[in-house]
Amino acid sequence: MTEDRSGKVSTKGVPAPVSLRRNILFNTIGSLMYQGCQWLTTVLVVILSGYTDSGILALAMTVGVMFNPIGTYSMRTFQVSDVEGRYTHANYCAFRILTIAIGVALVSPYALFVSGEPSIFLTVFIYLLFKVDEAFSDVLYGVDQRAERMDYIGVSQFLRGVLIVLSFSCALFVAHSIDLAVFGMFVACALVTVMYDIPHALRFASLRPTISWADARSLLFECWPMVVATLLISMVVSVARQYYSYAFGVDQLGLYAAVATPAVLVQAMARFLYSPSLVPLAERWTSGDMGSFISYLKKAALLMLAVVGFVAVGLSLAGPVLLPLVYGQSITDYVYLFPMVLVGTGLIAFLWLFSDVLIVCRDMKGLLVTDAAAFAVSLALVIPLEMLFGMNGINFVVVISMAAGLAIACARIAKLAKRQSVRS
């Protein structure tokens, strides 16, 4: 099987693309399963092992979050929208190995510092291996997505979700070891990578890692704005929460987090919904058919709005019943936060969508301006809004910041489309 610079595979028998509906359905269900099962491990560790191991796992997950944008270089959208094949899939695999190595080298010393004890560092490092496998599988998913076979991704994510829960819970129940539990997660997911993801991605392209220093340097410089943009969006929420913790106490932030955490699944679902649209959008952008590009973008945005709106309204109505069932009656006084949490979460998802569209358009300057503006607005508003509205101030900061970023992104995309239409 060979691949030319256009990304086309010359071998016969390559699986044909499937419908957008099938891609959305499989990708959304599988990815939500994976995210939900990862959340479930944080519940199982408390039930099966106690709060000490829960804290160690939480620390490991925090380090994992730091590793992810470096290890993946936040370039999945760049990879799948490279429809002209400027870089081959083998180039992307080689570059991912490089960024993973950089991520491990940068994050490991920090992990050693924050762990405090060798035994805790061991757990954190094993979890880092789990994230390494996750980062490498992401580049394989990029191969599948470019071929418009995201049903493979959905199956992979579903398998991973089931296996991490089984391996994690069995190790904790039988061996009472958080290290073995996390190692079990790593082994289970690595098996999925080797036995399912790699064979399926090989149907579309050669994956033997090859890249020139010139191409590696080009990708490092061309894609760094995406890493910064990812951090800026996440920092909007982080700054709002960290200041509230500083001003009102970590226990108060804990109450807010208990209400807000379930809404993260809505944000994840929204990203999974629009992700299958990125390749068709890139093809329309590259062809110069701006009418079709804008029409397709509107359809993707409207689908997100309809589904996220429906889920948000449903959860807002169910929140007063469901949240006390999960957390107990002590959370009842804070249920009022949930609707605005969902609005903010939905707007974050929309900013991700339009940020990814800017990447499709290769407007890295616009990407940085958009997400930097959202972050700047959050810095300007965090103190007055949280002092005035308390916990709900966190939500208002997120909503206004994301809305500001969205306005700039939409204006930027409209300007780019008009310019591209004139060139065509």
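Quantities reported herein were computed from a predicted structural model and do not represent experimental measurements.

### Section: the overall build of the protein
Next up, step 1: Scanning the protein from terminus to terminus reveals 15 helices and zero strands.
Next up, step 2: The C-alpha radius of gyration computed for the protein amounts to 22 Å, which stays within 12% of the reference 22 Å derived for 424 residues, consistent with globular compactness.
Next up, step 3: Per-residue burial over the protein gives 52% buried out of 424 residues.
Next up, step 4: In the protein, once contacts between residues fewer than 6 apart in sequence are set aside, the share between residues at least 24 apart is 81%.
Next up, step 5: Summed over all atoms, the accessible surface of the protein reaches about 18,500 Å², with 70% contributed by carbon and sulfur.
Next up, step 6: Side chains of the protein carry 27 positive and 24 negative charges; the gap between the two charge centres is 10 Å.

### What about a nonpolar patch on the surface?
Next up, step 1: A cluster of nonpolar side chains, namely Leu 25, Ile 29, Phe 158, Leu 159, Val 162, Leu 163 and Leu 166, defines an oily patch on the protein surface of about 550 Å² accessible area.
Next up, step 2: Breaking the nonpolar patch down by element, the ones donating at least two residues are helix 1 (20-48) and helix 6 (150-175).
Next up, step 3: When residues of the nonpolar patch are assigned to their parent elements, the largest contribution, five residues, is made by helix 6.
Next up, step 4: Looking at the element boundaries, Val 162 is found in helix 6.

### Let's talk about the packing of helix 8 (residues 213-248) against helix 14 (residues 364-389)
Next up, step 1: Two numbers describe how helix 8 lies on helix 14: the axes approach to 8 Å, and their chain directions differ by 5°. Between helix 8 and helix 14, the interaxial angle falls into the category roughly parallel.
Next up, step 2: Tallied by class, residues from the contact of helix 8 with helix 14 come to 25 nonpolar, one polar and three charged.

### Thoughts on the pattern of salt bridges
Next up, step 1: If you walk through the whole model with that rule in mind, you get 10 salt bridges.
Next up, step 2: Among the ionic pairs, Arg 76 bridges to Asp 138, the shortest N-O distance being 2.8 Å. One end of the pair, Arg 76, is in helix 3 (residues 76-80); the other, Asp 138, is in helix 5 (residues 118-146), with 62 residues separating them in the sequence.
Next up, step 3: With a closest N to O distance of 2.8 Å, Glu 222 and Arg 86 form a salt bridge. Here Arg 86 lies in the loop between helix 3 and helix 4 (89-115) and Glu 222 lies in helix 8, a separation of 136 residues in the sequence.
Next up, step 4: The class of Arg 86 is partly exposed, set by a relative accessible area of 44%.

### What to know about the environment of Leu 98
Next up, step 1: Turning to its location among the elements, Leu 98 is positioned in helix 4.
Next up, step 2: For Leu 98, a relative accessible area of 32% translates into the label partly exposed.
Next up, step 3: Taking the C-alpha atoms as reference, Leu 98 lies 9.8 Å from Thr 72; in sequence the two are 26 residues apart.

### What to know about helix 6
Because each turn of an α-helix spans 3.6 residues, side chains separated by three or four positions in sequence point in the same direction.
Next up, step 1: Helix length check: helix 6, at 26 residues, gives a terminal C-alpha distance of 37 Å against a target of 38 Å (1.5 Å per residue), a fit within 8%.
Next up, step 2: Downstream of helix 6 by one or two residues, His 176 has phi in the positive range, about 55°.

### Structural notes on the environment of Cys 410
Next up, step 1: Note on placement: Cys 410 falls in helix 15 (residues 391-423).
Next up, step 2: On a C-alpha basis, the gap between Cys 410 and Thr 370 in space is 9.5 Å, while along the polypeptide they are 40 residues apart.

### Describing the domain arrangement of the protein
You'll often see interface size given as the accessible area lost when the parts meet.
Next up, step 1: Domain annotation of the protein identifies domain 1 (15-211) and domain 2 (225-423).
Next up, step 2: The C-alpha-based centres of domain 1 and domain 2 are spaced at 23 Å.
Next up, step 3: Domain 1 puts 25 residues into the contact, and the matching count from domain 2 is 26 residues.
Next up, step 4: Roughly 2,200 Å² of surface becomes buried between domain 1 and domain 2 when both sides are summed, with 73% attributable to carbon and sulfur atoms.
Next up, step 5: Applying the counting rule to domain 1 against domain 2 returns zero salt bridges.
Next up, step 6: Broken down by secondary-structure element, the contributors of at least two residues to the side of domain 1 that touches domain 2 are helix 1, helix 3 and helix 5.

### Here we look at the state of the cysteines
Next up, step 1: Using the criterion set out here, one finds zero disulfides in the structure.
Next up, step 2: Note on Cys 223: no disulfide assigned, nearest cysteine sulfur contributed by Cys 93 at a separation of 15 Å.
Next up, step 3: On the basis of relative accessible area, Cys 223 is assigned to the buried category, the value being 0%.

### Some words on the nonpolar core
Next up, step 1: Residues Met 75 and Phe 78 are the most contacted members of the largest nonpolar core, which totals 93 residues.
Next up, step 2: For this core, the leading source of residues is helix 13 (residues 338-360), giving 15 residues.
Next up, step 3: Split by domain, the residues of this core number at least three in each of domain 1 (15-211) and domain 2 (225-423).
Next up, step 4: With sequence-adjacent residues up to four places away left out, Met 75 is seen in contact with Tyr 92, Phe 95, Arg 96, Leu 219, Cys 223 and Met 226.

### Examining the packing of helix 10 (residues 264-274) against helix 13
Next up, step 1: As a packed pair, helix 10 and helix 13 sit with axes 9 Å apart at the nearest point and diverge in direction by 30°. It follows from the interaxial angle that helix 10 and helix 13 lie roughly parallel. At the point where helix 10 passes helix 13, the crossing takes the right-handed sense. Only Leu 342, Thr 345, Ile 348, Ala 349, Trp 352, Leu 353 and Asp 356 of helix 13 make contact with helix 10, whose side of the interface consists of Val 266, Gln 267, Ala 270, Arg 271 and Tyr 274.
Next up, step 2: Grouping the amino acids of the contact of helix 10 with helix 13 by side-chain chemistry returns eight nonpolar, two polar and two charged.

### With respect to the packing of aromatic side chains
Next up, step 1: Under the criterion given, the structure shown has 11 aromatic pairs.
Next up, step 2: Summarising the aromatic geometry, the rings of Phe 183 and Phe 186 are spaced 6.0 Å apart at their centres and angled 50° between planes, so their arrangement reads as tilted. Here the residue Phe 183 and the residue Phe 186 both occupy positions in helix 7 (residues 178-201), the gap between them amounting to three residues, near one helical turn.
Next up, step 3: Since its relative accessible area comes to 39%, Phe 183 is described here as partly exposed.
Next up, step 4: A cation sits over an aromatic face here: Arg 271 above Trp 352, 4.0 Å from the ring centre.

What counts and what doesn't
Residue positions are given per chain, counted from 1 along the sequence in the order it is written. With pLDDT at 70 or above as the cut-off, local features in this predicted model cover only qualifying residues; side-chain atom pairs require 80 or more to be listed or tallied, and sums for whole chains, interfaces and linings still use all residues. To get the side-chain values, take all heavy atoms of the structure and skip hydrogens and water. Numbering of helices and strands runs from the N terminus, with a helix taken as a DSSP run of H or I at least four residues long and a strand as a DSSP run of E at least two residues long. Only C-alpha atoms enter the radius of gyration, while the globule expectation follows 2.2 Å times N to the 0.38, with N the number of residues. Classification of residues uses two cut-offs on accessible area relative to the type maximum, computed with a 1.4 Å probe and protein chains only: under 20% is buried, over 50% is exposed, and between them is partly exposed. What makes two residues a contact is simply this: any of their non-hydrogen atoms within 4.5 Å. With residues, only the protein chains shown are counted as cover, and all accessible areas are computed by Shrake-Rupley using a 1.4 Å probe. Positive charges come from Lys and Arg alone, negative charges from Asp and Glu alone, with His and the N- and C-terminal ends not counted. One atom stands in for each charge, and that atom is NZ of Lys, CZ of Arg, CG of Asp or CD of Glu. Excluding any residue in a salt bridge, patches collect residues exceeding 30% relative accessible area, merging like charges within 9 Å and nonpolar Val, Leu, Ile, Met, Phe, Trp and Tyr side chains within 5 Å. By convention in these notes, a salt bridge is any Lys or Arg side-chain nitrogen within 4 Å of a carboxyl oxygen on Asp or Glu. In this analysis an axis means a line fitted to C-alpha atoms, helices contributing only their contacting stretch, and an angle means the value between N-to-C directions, from 0 to 180 degrees. Throughout, the term roughly parallel applies to angles under 35 degrees, roughly antiparallel to angles over 145, roughly perpendicular to angles from 65 to 115, and oblique to all others. Under the grouping applied here, Gly and all other residues not named as nonpolar or charged are polar, the nonpolar ones being Ala, Val, Leu, Ile, Met, Phe, Trp, Tyr, Cys and Pro and the charged ones Asp, Glu, Lys and Arg. One fewer than the residue count of a helix, multiplied by 1.5 Å, yields its expected span. Each domain's extent was defined by an automatic or database domain assignment. What gets called buried area is simply the loss in accessible area from a 1.4 Å probe that two parts show on being joined, summed for both. Criterion for a disulfide: a pair of cysteine sulfur atoms within 2.5 Å. By convention a nonpolar core is built from buried Ala, Val, Leu, Ile, Met, Phe, Trp, Tyr and Cys residues, the set being connected through side-chain atoms within 4.5 Å. Note on convention: the crossing is left-handed when the near helix lies turned anticlockwise from the far helix by less than a right angle, right-handed when the turn is clockwise. Any two rings among Phe, Tyr and Trp, with Trp reduced to its six-membered ring, count as a pair given centres within 6.5 Å; such a pair is stacked if its planes are under 30 degrees apart, edge-to-face if over 60, and tilted if neither. Ring-over charges, as used throughout, are those where CZ of Arg or NZ of Lys falls within 6 Å of the ring centre and within 35 degrees of the ring normal.

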